[in-house]
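Each chain, letter by letter, is given below.
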Amino acid sequence: MSLDAEIADAFRQLNEQLKASDPRARRDAAHECCLRLESLRLTVRPDHMGLLEAACERAQCTFDALHQDLQDRLEWATSESLPD
């Protein structure tokens with residue numbers, strides 16, 4: 001499979017999994033996408049490294065945003081359950 005196809009497939013799978021309502025599942029899907037793309041670094045040709053790095057950065061930004069959202073939700077839930 002070409003690098004373009006591998007990247008497209010990784011993001012297609014991520015987009016499908018982002019439809020889940022569970023914030024942890026969404027964050028974990030983004031992490032899996034990052035790992036999948038990172039594993040391609042071992043086999044990518046040097047002239048395609050820029051494309052792969054851009055895809056890895058995009059996946060990492062998605063993961064970071066979903067992780068922060070999950071953290072915010074957990075902090076909110078914790079603060080709501082504390083007695084006044």
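Right above here is the structure, for reference.
Residues numbered from 1 in each chain as written. Predicted model: local features only at pLDDT ≥ 70, side-chain atom pairs only at ≥ 80, totals over all residues. Heavy atoms only, no water.

Q: Honestly, the environment of Ala59 in this entry has me stumped. Any pointers?
A: With respect to the helices and strands, the residue Ala59 is situated in helix H3 (residues 49-81). Separated by 26 residues in sequence, Ala59 and Cys33 place their C-alpha atoms 6.5 Å apart. Leave out the neighbours within four places in its chain, and Ala59 touches Phe11, Cys33, Cys34 and Leu37. (Helix = DSSP H or I, 4+ residues; strand = E, 2+ residues; numbered from the N terminus. Contact = heavy atoms within 4.5 Å.)

Q: Quick question: what am I supposed to make of helix H2 (residues 23-39) here?
A: Think of an α-helix as 3.6 residues a turn; residues three or four steps apart then line up on the same face. Spanning 17 residues, H2 covers 25 Å between terminal C-alpha atoms, matching the ideal 24 Å at 1.5 Å per step. Within H2, burial applies to Pro23, Arg27, Ala29, Ala30, Cys33, Cys34 and Leu37. Each buried residue of H2 sits inside an arc of 155° when the element is viewed along its axis, so together they form one side. (Expected span 1.5 Å × (residues − 1). Buried < 20%, exposed > 50% of the residue type's maximum accessible area, 1.4 Å probe, protein only. Arc of directions from axis to C-beta.)

Q: Can you walk me through the environment of Gln71 in this structure?
A: With respect to the helices and strands, the residue Gln71 is situated in helix H3. Given a relative accessible area of 30%, Gln71 falls into the partly exposed group. In the structure, Gln71 is positioned 47 residues away from Arg24 in sequence and 9.9 Å away in space, judged by C-alpha atoms.

Q: What is the right way to look at the environment of Glu6 in this model?
A: Relative to the helices and strands, Glu6 resides in helix H1 (residues 3-17). Separated by 46 residues in sequence, Glu6 and Leu52 place their C-alpha atoms 9.9 Å apart.

Q: Whenever I open this one, H1 confuses me. Can you help?
A: Here H1 contains 15 residues, and its C-alpha end-to-end distance of 21 Å stays within 8% of the 21 Å for a straight helix at 1.5 Å per residue. Within the sequence span of H1, burial applies to Leu3, Glu6, Ile7, Asp9, Ala10, Phe11 and Leu14.

Function-wise, these values are silent; they only describe arrangement.
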